[in-house]
Amino acid sequence: MDFTRKLSFLVFLLCVLISLQNQEDDINEKFSSRTDKYCSLSHDNDDSHSIFDYSFAPLPMFATTSVERRNLQQQTEARGSLRYDYYYDTCPQAEQIIRSSVRDLFRKQPQIAPALLRLVFHDCFVEGCDASVLLDSVEGMHSEKESPPNESLKGFDVIDIVKSELEEACPGLVSCADAVVLAARESVILAGGPFYPLKTGRRDSLTSFAEVATFELPSPQDDVSKFIETFSSKGFDEREAVSLLGAHSTGKIHCNFFVNRLYNFSGTNSSDPSMDSEFLSLLRSKCNTGQASLLAPASKSLSPSQLISTSPSPSSIIHELSSSLVEEPAMKMDYEGPGESFGTLYYRSLLQRRGILYVDQQLTAGEETKTWVQAYASDVSLFHKDFGLTMMKLSNMGVLTSPMGQVRKDCRKVS
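Reading the values: the criteria
- Residues numbered from 1 in each chain as written.
- Predicted model: local features only at pLDDT ≥ 70, side-chain atom pairs only at ≥ 80, totals over all residues.
- Heavy atoms only, no water.
- Helix = DSSP H or I, 4+ residues; strand = E, 2+ residues; numbered from the N terminus.
- Buried < 20%, exposed > 50% of the residue type's maximum accessible area, 1.4 Å probe, protein only.
- Areas by Shrake-Rupley, 256 points an atom, 1.4 Å probe, with all protein chains shown as cover.
- Axes fitted to C-alpha atoms, helices over the stretch in contact; angles between N-to-C directions.
- Parallel < 35°, antiparallel > 145°, perpendicular 65-115°, else oblique.
- Contact = heavy atoms within 4.5 Å.
- Nonpolar A, V, L, I, M, F, W, Y, C, P; charged D, E, K, R; others polar.
- UniProt positions renumbered as here; feature names shortened; annotations may be inferred.
- Polar contact = N/O pair within 3.5 Å; in protein donor to acceptor, adjacent residues only side chain to side chain.
- Salt bridge = Lys/Arg side-chain N within 4 Å of Asp/Glu carboxyl O.
- Core = buried A, V, L, I, M, F, W, Y, C linked by side-chain atoms within 4.5 Å.
- Left-handed = near helix turned anticlockwise from the far one by under 90°.
- Expected span 1.5 Å × (residues − 1).
- Phe/Tyr/Trp six-rings, centres within 6.5 Å; stacked < 30°, edge-to-face > 60°.
- Lys NZ or Arg CZ within 6 Å of the ring centre and 35° of its normal.
- Disulfide = S-S within 2.5 Å.
- pLDDT = per-residue confidence, 0-100.

Okay, the overall build of the protein chain next. Within the protein chain, the regular secondary structure consists of 17 helices and 2 strands. For the protein chain, with 415 residues in total, the buried portion stands at 48%. Carbon and sulfur atoms provide 54% of the accessible area of the protein chain, an area that totals close to 20000 Å².

Before going further, it helps to examine the packing of helix α4 (residues 112-124) against helix α5 (residues 156-169). In the contact formed by α4 and α5, the axes pass within 9 Å of each other and the chain directions differ by 90°. Looking at the two axes, α4 sits roughly perpendicular to α5. Contacts between α4 and α5 involve Ile112, Leu116 and Leu119 from the first element and Phe156, Val158 and Ile159 from the second. Partitioning the contact of α4 with α5 into residue classes produces 6 nonpolar, no polar and no charged.

Mapped onto this numbering, the UniProt entry annotates "binding site: Ca(2+) 1" (unreviewed entry) at Asp123, Val126, Gly128, Asp130, Ser132 and Glu144. Taking the farthest pair of C-alpha atoms as the criterion, the annotated set spanning 22 residues converges on one region, since that pair is 12.9 Å apart. Position of Gly128 among the secondary structure elements: in the loop between α4 and α5. Apart from residues no more than four positions distant in its own chain, Ser132 is found in contact with Asp123, Val126, Glu144, Ser205, Thr207, Ser208, Phe209 and Arg408. At 2.8 Å, the side chain of Ser132 and the side chain of Asp130 are in polar contact.

Here the focus is the pattern of salt bridges. Throughout the structure, instances matching the rule amount to 17 salt bridges. The salt bridge partner of Asp272 is Arg261, with a shortest N-O separation of 2.9 Å. In this pair, Asp272 sits in the loop between α10 (259-263) and α11 (277-286) while Arg261 sits in helix α10, placing the two residues 11 residues apart along the sequence. Take Asp272 and Arg261: they sit in the same class, and that class is buried. Where Lys385 meets Asp386, a salt bridge forms, and the shortest distance between an N and an O atom there is 3.3 Å.

Moving on: the nonpolar core. In terms of nonpolar packing, the biggest core is built from 89 residues, with Leu134, Phe231, Phe258, Leu262 and Tyr347 touching the most fellow members. Among the elements that make up this core, the one with the highest residue count is helix α6 (residues 176-190) (10 residues).

In contact at an axis separation of 10 Å, α5 and α6 are set at 120° when each is read in the N-to-C sense. Classified by the interaxial angle, the pair formed by α5 and α6 is oblique. The handedness of the crossing between α5 and α6 is right-handed. Between α5 and α6, the residues in contact are Ile159, Val162, Lys163 and Leu166 and Cys176, Ala179, Val180 and Ala183, respectively.

Below, the discussion takes up the UniProt feature "active site" (unreviewed entry) in the protein chain. Mapped onto the present numbering, the UniProt feature "active site" (unreviewed entry) falls on His122. Within the secondary structure layout, His122 lies in helix α4. Owing to a relative accessible area of 8%, His122 belongs among the buried residues under this scheme. Apart from the residues within four sequence positions on either side, His122 is in contact with Glu144, Pro149, Asn150, Leu153 and Leu217.

What follows is about α6. Compared with the 21 Å implied by 1.5 Å per residue over 15 residues, the 21 Å span of α6 between its first and last C-alpha is a close match. The element α6 is extensively covered by neighbouring structure, given that 14 of its 15 residues are classed as buried. Within two residues after α6, Gly192 carries a phi angle of roughly 100°, on the positive side.

Its 12 residues place the ends of helix α16 (residues 367-378) 17 Å apart at the C-alpha level, agreeing with the 16 Å of an ideal helix rising 1.5 Å per residue. Contacts made by the buried residues of α16 are with α8 (224-232), α9 (238-244), α14 (344-351) and α17 (380-395).

Moving on, we get to the packing of aromatic side chains. Tallied over the entire structure, the rule returns 15 aromatic pairs. Through a chain of ring-to-ring contacts, the aromatic side chains of Phe342, Tyr346, Tyr347, Trp372, Tyr376, Phe383 and Phe387 assemble into a single cluster. Just above the ring of Phe156 sits the side chain of Lys145; from NZ or CZ to the centre is 4.6 Å. Here the guanidinium or amino end of Lys234 rests over the ring plane of Phe125, the centre of that ring lying 5.6 Å away.

Right, let's talk about the state of the cysteines for a bit. Inspection of every chain in the model, using the stated rule, returns 4 disulfides. Taken N- to C-terminal, the disulfide-bonded cysteines of the protein chain are connected 1-4, 2-3, 5-8, 6-7.

Another aspect to go through is the confidence of the model for the protein chain. For the protein chain, the average pLDDT comes to 79, and 70% of its residues sit at 70 or higher. Note that residues 22-79 has pLDDT below 50 and, in this model, 57 contacts with residues that lie over four places away or in other chains. Predicted confidence is poor over residues 291-326, with pLDDT under 50, and the contacts of this stretch with residues over four places away or in other chains come to 60 contacts.

Here we take up the environment of Ser281. As for its position among the elements, Ser281 is in helix α11. As for Ser281 and Leu262, which are separated by 19 residues in sequence, their C-alpha atoms are 8.7 Å apart.

Set out below in structure tokens:
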């Protein structure tokens, strides 16, 4: 009997041990799965841009000691990848400096918001987000600034001010490319748009791509097929492309970008038939001054010699932006007033045949593009979500990471 009881006890004990081992295996499997998520979501150019991205944590939660954190950071830097809170150790105040600088300037001149939003698009769409659009022309290199699609770009002095403050706090550490994408995100928030998380660690280009900018940037005169083709060539589907054009919810459009729709559409000496008649009258009233000169190509901008090249003050940029943005007839994108939610008026206006630019109105000419216009016009939350995801994708296009490129001390010239 004693032997039987002992045998039963041993069997019971063995079962308990097996059960505990199985539980441990389950825990390890779940833990491994969770860490795999961290690893898989930390790669460059990840096509999944969920706002609930697990890698949004600065470092994985299982790095518990300072030594482990630093080792993980060094491994990430060695791989040359972007990551959240890239400047955590080297310049922890970097994003706050950018945020404060942009907000201070915005309070004095709100037009910097659309200027920065347009600037990031024109930078990232040409050879990636590498601050190449900021470089001035030098012997042997023609600047992107001087290519026809970029001649009316503004916001360079905003980045100069931001960069000078970054250099004062953390010399030689924060790239101009990161400053551009983070300043643009702040401008979206200030314009009433959504916050979206951004990885950092971009490096700056050693050259500018004027010829590429001339031929690859989309035109305000593009029809829907050309629009789809241009964005598709950069990896954007129709949904993403339509959401990205929601950036036209803010800012001003100079009349010379759309005056042909009012008076001489496609050489017909008449207006664009796709435009609402009352809206046509409104635009003609805004753009009637100097009609002949407006029909000339849109190509006015400050020359590099006129741009402030060293340590511009906030007052200088306010003066430049105030004078340059109002000297030509223009139409405000939020023409019904700033109370409209970011994106709402833009898409509703397209359905009412009130798109200001030809490329805007053409979004209703394609079956799928019109579907997304209708969706965003009726659901601003959906638009904000899609716009944020697409801006994340745009901001990660073709980035340079260590050891490629450099961190410029002056965004206008190679260090």
